[in-house]
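So you can see what is in the structure, the chains are spelled out below.
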Amino acid sequence: MDNRIDIQICLGSSCFSRGNKRLVKVVEQYLNERNLRHLVYFHGAHCFSSCDRGPLISIDGKEYTGLNEDKVIMILDGIFGKTSTGV
């Protein structure tokens, strides 16, 4: 069984144009710098049907809306711990 955390980022046109294009890079950088890739299944998904609340990300089924770079990092810090090294 795969116990990785499932992070889906909406790549629908509304979320993508509202900032998820940049947030893909922010999440990738966060995971890579902290050696967390092995703990996460990070992938894009098509529209979550919440276009008016985007950009958004779903983490293990919980949606986070109205995101920017700082909010995404704060959410990831809450999941992995602010000083997590992934080891």
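Placed above this text is the structure.
**Student:** In this structure, what is going on with the packing of aromatic side chains? I would like to understand it.
**Tutor:** Centre-to-centre distance and the angle between the planes together describe a pair of aromatic rings. If you walk through the whole model with that rule in mind, you get one aromatic pair. A ring pair is formed by Y30 and F80, whose centres lie 6.4 Å apart and whose planes are at 40°; its orientation type is tilted. In this pair, Y30 is assigned in helix α1 (residues 13–33) and F80 in helix α2 (residues 69–80), connecting sequence segments 50 residues apart. Each member of the pair, Y30 as well as F80, is classed as buried. If you follow R34 out to its NZ or CZ, it ends over the ring of Y30, 3.7 Å from the centre.

**Student:** Hey, could you run me through the nonpolar core in this one?
**Tutor:** Among soluble globular proteins, nonpolar side chains are generally buried collectively. Ranked by internal contacts, the top residues of the largest apolar core, which has 18 residues, are I7, L31, I57, V72, L76 and F80. Ignoring anything within four residues of it in the chain, the contact list for I7 reads V40, Y41, F42, H43, I57, S58, I59 and L76. Ranked by size, the runner-up nonpolar core spans five residues in total, among them C10, C15, A45 and F48.

**Student:** Can you walk me through the pattern of salt bridges in this structure?
**Tutor:** A pair can form between side chains of opposite charge whenever their charged atoms are brought close. All told, the structure shown has four salt bridges when counted by the stated rule. Between E28 and R37 there is a salt bridge, and its shortest N-O distance comes to 2.7 Å. With a relative accessible area of 31%, R37 lands in the partly exposed category. Between E33 and R34 there is a salt bridge whose closest N-O contact spans 3.9 Å.

**Student:** Please clarify how the packing of α1 against α2 should be interpreted in this entry.
**Tutor:** When two helices pack together, you describe them by how their axes are tilted relative to each other and by the distance separating the axes. Across the interface, α1 lies against α2 with an axial gap of 10 Å and an inter-helix angle of 35°. Of the two possible hands of crossing, α1 and α2 adopt the one that is right-handed. Residues R22, L23, V26, V27, Y30 and L31 of α1 pack against E69, V72, I73, L76, D77 and F80 of α2. Here the residues of the contact of α1 with α2 sort into nine nonpolar, no polar and three charged.

What counts, and at which threshold
Residues numbered from 1 in each chain as written. Predicted model: local features only at pLDDT ≥ 70, side-chain atom pairs only at ≥ 80, totals over all residues. Heavy atoms only, no water. Phe/Tyr/Trp six-rings, centres within 6.5 Å; stacked < 30°, edge-to-face > 60°. Helix = DSSP H or I, 4+ residues; strand = E, 2+ residues; numbered from the N terminus. Buried < 20%, exposed > 50% of the residue type's maximum accessible area, 1.4 Å probe, protein only. Lys NZ or Arg CZ within 6 Å of the ring centre and 35° of its normal. Core = buried A, V, L, I, M, F, W, Y, C linked by side-chain atoms within 4.5 Å. Contact = heavy atoms within 4.5 Å. Salt bridge = Lys/Arg side-chain N within 4 Å of Asp/Glu carboxyl O. Axes fitted to C-alpha atoms, helices over the stretch in contact; angles between N-to-C directions. Left-handed = near helix turned anticlockwise from the far one by under 90°. Nonpolar A, V, L, I, M, F, W, Y, C, P; charged D, E, K, R; others polar.

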